[in-house]
Amino acid sequence: MLNDLIGKILDKISATSLLATGLLLLTALVSALVAYWRTVEEKSWKEFFEFVIPHEVITHPSAKADLLFWVTKKALMPFLMLPAGIVFVTAVGYGTNWLFSTLFQFQPPLIEGPAGPVTVLIFTVSMLLAYDISYYLYHVAQHRYPLLWELHKVHHSAEVMVGITKDRVHPLDELMNRAWDGLIVGLCFGIWSLISLNLVELTVFGVNVYVMRNILMMDFVRHTHFKISFGPLNNLILCPHWHQLHHSVDPRHYDKNFGLLFSFWDRLFGTLCVPKPDEDFKFGLVDRDVRDYQSLAGLYVMPLKRMWGHIARRMRPGKPRPGTARSSEGTRP
């Protein structure tokens, strides 16, 4: 049953990926036009392209590293990341369904028939919330614990933002994040499968929710230099400019704006920092060896070596226990 489920999900992904890619590119184009229109007084097509693709950005070693890292990760994605994310969430959802239906002796779903529009709406909102709080908690842990921070430094080591910087995430870090998603999101899946939806319908909806989240949070745009704000909607959705602050090396911005889609988690837990309109940021790490991350070896291998260094130090008798990521040697927020 699990194999059939995963097969149907992968079919659904292949059918929607082209549409999702088109929507993401359209969002990026519109954002570039808006940012350019607000920034530049004398407008021309030449100036527009220079604004969107600054020479000093695309020729930066960090941008070149982003491109190489993106290409190699895309080669790994179909064989590792997508199946892993589906398996984790589906397995926990299936286990939740089986456990509760066995304990309480009933045959799910409790509500027969196809899901109506109200059910689909409530399900979509609840899944977006589950995905988002799951990411927020994991993201905070990445900054708090040195072992996770060594992996997350890969993402923060970008000194310029070029859109595909969003995928500058170590594969092990991404795999662990998806495993963590399986706990909260998978539990939510499983509960919904008990109430109204069978697991196949549920997970197909889940894929749509995941794509919807990626479009709404404008992940490509918020990893650029476009200072896009949503105005009053910032109280609900974390706009690109607020996320760009999260990558800032300014100590005032350390450990701020952890959210993915929604901004109210940061407000609720006291980690929100609102930038000034059109405020500029310097990106990267405060480490003196940040340039070591601008190669494939630095992005893939060095974090694993440094993780092992943390583990080895913990195993040595008589050594003090390391503190949080911020208090460890060679880190930033």
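Residues numbered from 1 in each chain as written. Predicted model: local features only at pLDDT ≥ 70, side-chain atom pairs only at ≥ 80, totals over all residues. Heavy atoms only, no water.

Per an unreviewed UniProt entry, the protein chain carries the name Sterol desaturase family protein and comes from Mesorhizobium salmacidum. Within the UniProt record for the protein chain, the comment given under Subcellular location (unreviewed entry) is "Endomembrane system". (UniProt positions renumbered as here; feature names shortened; annotations may be inferred.)

Q: Before we go on, may I ask you to explain the overall build of the protein chain in this structure?
A: Across its full length, the protein chain holds 13 helices and zero strands. Ordered by position from the N terminus, the helices and strands of the protein chain form the series α-α-α-α-α-α-α-α-α-α-α-α-α. Expressed as a percentage of the 333 residues in the protein chain, the buried residues total 48%. Relative to all contacts within the protein chain whose residues are 6 or more apart in sequence, the contacts with residues 24 or more apart total 75%. As displayed, the protein chain offers around 17000 Å² of accessible surface, 68% of which is attributable to carbon and sulfur atoms. (Helix = DSSP H or I, 4+ residues; strand = E, 2+ residues; numbered from the N terminus. Buried < 20%, exposed > 50% of the residue type's maximum accessible area, 1.4 Å probe, protein only. Contact = heavy atoms within 4.5 Å. Areas by Shrake-Rupley, 256 points an atom, 1.4 Å probe, with all protein chains shown as cover.)

Q: Can you help me understand the packing of aromatic side chains in this one?
A: What describes a pair of aromatic rings is the distance from one ring centre to the other and the angle between the planes of the rings. Summed over the entire model, instances satisfying the criterion amount to 14 aromatic pairs. Where Y36 meets F51, the ring centres are 5.7 Å apart and the plane angle is 55 degrees; that geometry is what we call tilted. One end of the pair, Y36, is in helix α1 (residues 2-39); the other, F51, is in helix α2 (residues 45-52), with 15 residues separating them in the sequence. Of the two residues examined, Y36 and F51, each falls in the buried class. Judged by centre distance (5.0 Å) and plane angle (15 degrees), the ring pair of F262 and F264 falls under stacked. For F262, a relative accessible area of 10% translates into the label buried. Following the ring pairs from residue to residue traces out a cluster consisting of Y36, W45, F48, F49, F51 and F226. (Phe/Tyr/Trp six-rings, centres within 6.5 Å; stacked < 30°, edge-to-face > 60°.)

Q: Honestly, the packing of helix α7 (residues 146-156) against helix α13 (residues 302-315) in this entry has me stumped. Any pointers?
A: Between α7 and α13, whose axes approach to 9 Å, the crossing angle comes to 170 degrees. The orientation of α7 relative to α13 falls into the category roughly antiparallel. Seen from α7, the contacting residues are P146, L147, E150, L151, K153 and V154; seen from α13, they are P303, L304, R306, M307, H310 and I311. Its residues placed into classes, the contact of α7 with α13 shows eight nonpolar, one polar and three charged. (Axes fitted to C-alpha atoms, helices over the stretch in contact; angles between N-to-C directions. Parallel < 35°, antiparallel > 145°, perpendicular 65-115°, else oblique. Nonpolar A, V, L, I, M, F, W, Y, C, P; charged D, E, K, R; others polar.)

Q: Help me understand the nonpolar core, please; the structure alone is not making it clear to me.
A: What tends to happen in soluble globular proteins is that the nonpolar side chains get buried as a cluster. In terms of nonpolar packing, the biggest core is built from 12 residues, these being L128, I133, Y135, Y136, V140, M217, I237, F258, L260, L261, F262 and W265. Grouped together as the second largest cluster of nonpolar side chains are 11 residues, V40, F51, V221 and I228 included. (Core = buried A, V, L, I, M, F, W, Y, C linked by side-chain atoms within 4.5 Å.)

Q: Help me out: how do you make sense of the confidence of the model for the protein chain in this one?
A: In low-pLDDT regions, the fine details of the predicted coordinates are not to be read closely. Mean pLDDT over the protein chain stands at 83; residues scoring 70 or higher make up 81%. Taken as a whole, residues 326-331 scores under 50 in pLDDT and shows 14 contacts with residues more than four places along the chain or in a different chain. (pLDDT = per-residue confidence, 0-100.)

Q: It is not clear to me how a negative patch on the surface should be interpreted in this structure. Could you clarify?
A: Taken together, the side chains of E41, E42, E47 and E50 define an acidic patch exposed on the protein surface. Here E41 lies in the loop between α1 and α2. (Patch = residues over 30% accessible without salt bridge, like charges linked within 9 Å, V, L, I, M, F, W, Y side chains within 5 Å. Salt bridge = Lys/Arg side-chain N within 4 Å of Asp/Glu carboxyl O. Lys, Arg positive; Asp, Glu negative; His and termini not counted. Charge placed at Lys NZ, Arg CZ, Asp CG, Glu CD.)

Q: Can you help me understand the UniProt feature "transmembrane region" (unreviewed entry) in the protein chain in this one?
A: UniProt's feature table lists "transmembrane region" (unreviewed entry) at residues 18-37, 75-94, 115-138 and 183-211, given in the numbering used throughout. Helix makes up 92% of residues 115-138 and strand 0%. Its end C-alpha atoms lie 32 Å apart.

Q: What's the story with the environment of W98 in this structure? I'm lost.
A: Relative to the elements of secondary structure, W98 occurs in helix α5 (residues 81-103). Put simply, W98 and L194 are 96 residues apart on the chain and 9.0 Å apart in space, counted from C-alpha to C-alpha.

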